[in-house]
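Breakdown of the fold
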Amino acid sequence: MPDVTRTQHAERIPDSVAASRAPDSVAASRSPEATRTYWDARHRERDDLASGGHIGLDRPGNEIFYAVRLGQLLTLIGDLSSPASPLFVLDAGCGKGHFARSLARCGHHVDAFDTSEEAVTHARAEGGGPRYARAALDEWRSPWLYDVVLCVDVLFHVLDDAEWRAGLRNLASLVRITGRLVVTDENTEEPVARGDYILHRPIAAYRAELEPLGLRHTLFRPYGFRENRVGFHVFTRTS
């Protein structure tokens, strides 16, 4: 089984090459349209786990990778909710719906969307409880706010800073008072580009966008999966 390295979700390149690439050059090399085309093709050509998981792993490896992330996620938001007062959860950038279906099985009411039509079509065919739609991160609108807004392994694939900022701010606007925005990224102090489709942003960049909107960074929990440096950043709405 191949090792999971820091080039998560991207074709592997030597670390020396990845480290030498400036974030600006990576972002400039991939337009939002090219990125969407890439993800449509990836969801069309790869199975339900590899398409949104780690393409450097075989299926058993991705099964473990999904299980580890789901286990960590459930410790953050809970695996049960009251039937009389269920949690309302939004899975933003849901891919083929693996986490959305898992959260629905735990009793949560789940809305889920993805920018890839291929992914959403697959997720709808699987069913399992969530309500699916196609939208970009900055396009989703809802008549209600959510207890938890979740965005797993999505934002570091958004290379354009303006698009990243708009998507993050829109997700923040969907969190109710005392609710949580849970996003995943490395816990880094500097931007880190890896491959052609990954740009890890520093926690200071997230705080700069979210704190003025009333969300406070309350926790970072790493995946703890091999050498993977990504983890869950939890922001709690306090105002």
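Because the structure is a prediction, the values reported are computed rather than measured.

The rules behind the values
- Residues numbered from 1 in each chain as written.
- Predicted model: local features only at pLDDT ≥ 70, side-chain atom pairs only at ≥ 80, totals over all residues.
- Heavy atoms only, no water.
- Axes fitted to C-alpha atoms, helices over the stretch in contact; angles between N-to-C directions.
- Helix = DSSP H or I, 4+ residues; strand = E, 2+ residues; numbered from the N terminus.
- Contact = heavy atoms within 4.5 Å.
- Nonpolar A, V, L, I, M, F, W, Y, C, P; charged D, E, K, R; others polar.
- Parallel < 35°, antiparallel > 145°, perpendicular 65-115°, else oblique.
- Left-handed = near helix turned anticlockwise from the far one by under 90°.
- Pairing = 2+ DSSP bridges.
- Right-handed = clockwise from strand over helix to strand, strands pointing away.
- Core = buried A, V, L, I, M, F, W, Y, C linked by side-chain atoms within 4.5 Å.
- Buried < 20%, exposed > 50% of the residue type's maximum accessible area, 1.4 Å probe, protein only.

Moving on: the packing of helix H3 (residues 32–45) against helix H6 (residues 117–126). Contact pair H3 / H6: the axes reach a minimum separation of 7 Å and the direction vectors enclose 35°. Contacts between H3 and H6 involve Asp-40, His-43 and Arg-44 on the former and, on the latter, Glu-117, Glu-118 and Ala-119. Here the contact of H3 with H6 is composed, by residue class, of one nonpolar, one polar and four charged.

Our focus in this paragraph is the packing of helix H4 (residues 59–77) against helix H5 (residues 98–105). Orientation of H4 relative to H5, taken along the N-to-C sense of each, is 45°, at an axis distance of 11 Å. The angle between H4 and H5 falls in the class oblique. Handedness of the crossing formed by H4 with H5: right-handed. Residues Tyr-66, Arg-69, Leu-70, Leu-73, Leu-74 and Ile-77 of H4 form the contact with H5, whose own contacting residues are His-98, Phe-99, Ser-102 and Leu-103. Tallied by class, the residues present in the contact of H4 with H5 amount to seven nonpolar, two polar and one charged.

With that settled, consider unusual backbone geometry. With the exception of glycine, the majority of residues adopt a negative phi angle, and the majority of peptide bonds are in the trans configuration. One non-glycine residue, Thr-178, adopts positive backbone phi at about 70°. Within the secondary structure layout, Thr-178 lies in strand E5 (residues 175–186). Phi angles above zero are rare outside glycine, and Arg-226 is one such case at about 55°. Locating Arg-226 in the fold gives a position in the loop between strand E8 (215–222) and strand E9 (230–237).

Attention shifts here to the pairing of strand E3 (residues 131–134). Bridging between strand E2 (residues 109–114) and E3 involves four bridges; their strand directions are parallel. From the neighbouring strand, Phe-113 faces E3, where its bridge partner is Ala-133. Considered for its hand, the β-α-β crossover made up of E2, H6 and E3 is right-handed.

A few words on the nonpolar core. Counting residues in hydrophobic clusters, the biggest one holds 33 residues, and the most contacted among them are Leu-103, Tyr-132, Val-182, Tyr-223 and Phe-232. Breaking this core down by element, the ones donating at least two residues are H4, H5, E2, H6, strand E4 (146–151) and E9. If you tally residues by element for this core, the top one is H4, at seven residues. In this view, Tyr-132 contacts Cys-94, Gly-97, Ala-100, Arg-101, Ala-112, Val-120, Ala-123, Arg-124 and Gly-127; residues no more than four positions away in its chain are not counted.

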